[in-house]
Amino acid sequence: MDGTLTVAVHDFPAIKKELGTPQDLDILHAISLMDKEEAKKAHEKLQEIEFRLASISKPSPGTIQLLDTLQANGCYLGILTRNSLINTLETLR
């Protein structure tokens, strides 16, 4: 979604710094390497960060028109994202 349907606003180096994860690893991969309690806290913090970013997201230019055209032509639509359902719904709102 981010960077396609919406204008990308994620500053991944800053998010990694806030979470305390290595800069050279994917965030979710880095969290998967943590012990259970540390991973739980990191996931909760990531959820907060992602929700904050979702709440300020804006559609990419042409997105609304594209989705309207696809729907008008009977296309089935779906979204593939690694984000949580709550953050995805907030982004779409």
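Basis of the calculations
Residues numbered from 1 in each chain as written. Predicted model: local features only at pLDDT ≥ 70, side-chain atom pairs only at ≥ 80, totals over all residues. Heavy atoms only, no water. 1 Å grid on protein atoms, 1.4 Å probe; cavity = no way out; pocket = protein on both sides within 12 Å on 5 of 7 lines; lining within 4 Å. Points joined across faces, edges and corners; volume = space filled by probe spheres on them. Helix = DSSP H or I, 4+ residues; strand = E, 2+ residues; numbered from the N terminus. Nonpolar A, V, L, I, M, F, W, Y, C, P; charged D, E, K, R; others polar.

With respect to empty space enclosed by the protein
As enumerated under the stated definition, the model contains one cavity of 30 Å³ or more in all. Put simply, the largest cavity is a space of about 50 Å³. Around the largest cavity, the lining residues are Met1, Asp2, His10, Glu50, Leu53, Ala54, Ser57, Asn83 and Thr91. Looking at which element gives the most residues to the lining of the largest cavity, the answer is helix α3 (residues 36-55), with three residues. Considering only residue class, the lining of the largest cavity consists of three nonpolar, four polar and two charged.

Brief notes about the layout of surface pockets
In this structure, the largest pocket occupies an estimated 480 Å³ of space. Every element with two or more residues in the lining of the largest pocket is listed here: α1 (12-19), α2 (27-32) and α3. Ranked by the residues each element gives to the lining of the largest pocket, the list is headed by α3, at four residues. Broken down by class, the residue content of the lining of the largest pocket amounts to nine nonpolar, seven polar and five charged. In this structure, the second largest pocket occupies an estimated 190 Å³ of space. Around the second largest pocket, the lining residues are Leu5, Thr6, Ser57, Lys58, Pro59, Thr63, Ile64, Leu67, Thr91, Leu92 and Arg93. Those elements that place two or more of their residues in the lining of the second largest pocket are α4 (63-72) and α5 (85-92).

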